[in-house]
Amino acid sequence: MMDEDPTQSLPADSKERILRAAELEFTSKGFEGASTRDIAAAAGVAQALIHYHFDSKRVLFLAMVQRRAHISCMAWETALAQLPEPELRGILEAVFRPVLDDKSGGVAYLRVLTMLAKGSAEDQALLSTLFDPTGMLFIEAIRLAEPALGVAAAANGYRFSLGVLASLLSESERSGRLGGMLPDDAAEANLSQAVTFCAAGIRALV
């Protein structure tokens, strides 16, 4: 008797559900600790369906990373494109707000980024491939907004701002673990102060 086809009678979004479940599994347990069985259970699908969509755990991991990068970079690029002119505070808000508003994954973005940064040389190269083109758009926008900055200083300003963003996301994650996210007014105040801090720091790099 032939095995039943695991792809029959499944919701059309089964692949997306697998990728969302994989993101939680990989970022909480690491690549080696992640289990395709647990991913399948969280996604509500048969484990065989994972192997149907993805040839291996590594392929699933790469698909998960690419999905998160696409979501994050699209949100960033959209926010940047909507600015009426290259102005530093607006550019920095375009860095912070999409992620802090969870349009690009919030803490999920931070976890994936951290995982790649601490991973193998291949993972770090993937991080560069997926995120650097969007980063270059922001670096060029910063340079246009602050013409006295050189490219290297604008790049450092962008990189340091991402560090501030990671700090804000870490605070958000810690608040969630302690029983609730930051109140909206506190989150907005933190965002405003982060933009002010980063803008002053970038201008000081001249």
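On a predicted model such as this, the values are computed, not experimentally measured, just so you know. (Residues numbered from 1 in each chain as written. Predicted model: local features only at pLDDT ≥ 70, side-chain atom pairs only at ≥ 80, totals over all residues. Heavy atoms only, no water.)

1. What about the overall build of the protein?
Here is step 1 of the chain: When its secondary structure is counted, the protein shows nine helices and zero strands.
Here is step 2 of the chain: Scanning the protein from its N terminus toward the C terminus, one meets helices and strands in the order α-α-α-α-α-α-α-α-α.
Here is step 3 of the chain: Looking at the protein as a whole, 40% of its 206 residues are labelled buried.
Here is step 4 of the chain: Taking as baseline every contact in the protein between residues at least 6 positions apart, the subset at least 24 positions apart corresponds to 69%. (Helix = DSSP H or I, 4+ residues; strand = E, 2+ residues; numbered from the N terminus. Buried < 20%, exposed > 50% of the residue type's maximum accessible area, 1.4 Å probe, protein only. Contact = heavy atoms within 4.5 Å.)

2. Some points on the pattern of salt bridges
Oppositely charged side chains are able to pair whenever their charged atoms sit close together.
Here is step 1 of the chain: According to the stated counting rule, one finds 13 salt bridges in the structure shown.
Here is step 2 of the chain: Note that arginine 58 is salt-bridged to aspartate 123, the shortest N-O span being 3.0 Å. Remark: aspartate 123 occurs in helix α7 (residues 121-145) and arginine 58 occurs in helix α4 (residues 57-81); sequence separation between them is 65 residues.
Here is step 3 of the chain: The salt bridge partner of arginine 97 is glutamate 188, with a shortest N-O separation of 2.9 Å. Linking arginine 97 in helix α5 (residues 88-100) with glutamate 188 in helix α9 (residues 184-203), this pair joins segments that are 91 residues apart in sequence.
Here is step 4 of the chain: With a relative accessible area of 24%, arginine 97 lands in the partly exposed category.
Here is step 5 of the chain: Salt bridges sharing partners connect three or more residues here, namely Glu16, Arg20, Glu23, Arg67 and Arg68. (Salt bridge = Lys/Arg side-chain N within 4 Å of Asp/Glu carboxyl O.)

3. Some details on the packing of aromatic side chains
Here is step 1 of the chain: This model, assessed by the stated rule, comprises seven aromatic pairs.
Here is step 2 of the chain: On the basis of an interplanar angle of 5° and a centroid distance of 5.8 Å, the ring pair of phenylalanine 26 and phenylalanine 31 is categorised as stacked.
Here is step 3 of the chain: With relative accessibility at 0%, the residue phenylalanine 26 sits in the buried group.
Here is step 4 of the chain: When the ring of tryptophan 76 is compared with that of tyrosine 109, the centres are 5.2 Å apart and the planes differ by 90°; the resulting orientation is edge-to-face. One end of the pair, tryptophan 76, is in helix α4; the other, tyrosine 109, is in helix α6 (residues 107-117), with 33 residues separating them in the sequence.
Here is step 5 of the chain: Judged by its relative accessible area of 3%, tryptophan 76 is buried.
Here is step 6 of the chain: A cation over an aromatic ring shows up here: lysine 57 above the ring of phenylalanine 31, its NZ or CZ 4.8 Å from the ring centre. (Phe/Tyr/Trp six-rings, centres within 6.5 Å; stacked < 30°, edge-to-face > 60°. Lys NZ or Arg CZ within 6 Å of the ring centre and 35° of its normal.)

4. Considerations on the packing of α5 against α7
Here is step 1 of the chain: The interhelical angle for the contact between α5 and α7, taken along N-to-C directions, is 165°, at an axis separation of 9 Å. In terms of axis orientation, α5 runs roughly antiparallel to α7. Classified by chirality, the crossing of α7 by α5 is left-handed. On α7, the residues touching Leu88, Ile91, Ala94 and Val95 of α5 are Phe138, Ala141, Ile142 and Ala145.
Here is step 2 of the chain: Residues of the contact of α5 with α7, tallied by class, amount to eight nonpolar, no polar and no charged. (Axes fitted to C-alpha atoms, helices over the stretch in contact; angles between N-to-C directions. Parallel < 35°, antiparallel > 145°, perpendicular 65-115°, else oblique. Left-handed = near helix turned anticlockwise from the far one by under 90°. Nonpolar A, V, L, I, M, F, W, Y, C, P; charged D, E, K, R; others polar.)

5. Some words on the confidence of the model for the protein
Here is step 1 of the chain: Overall, the prediction assigns the protein a mean pLDDT of 85, with 86% of residues at 70 or greater.
Here is step 2 of the chain: Here residues 1-10 scores under 50 on pLDDT; set against residues more than four positions off or in separate chains, the count is five contacts.
Here is step 3 of the chain: Below a pLDDT of 50 lies the segment residues 174-182, which in the model reaches eight contacts outside its immediate sequence neighbourhood of four places, other chains included. (pLDDT = per-residue confidence, 0-100.)

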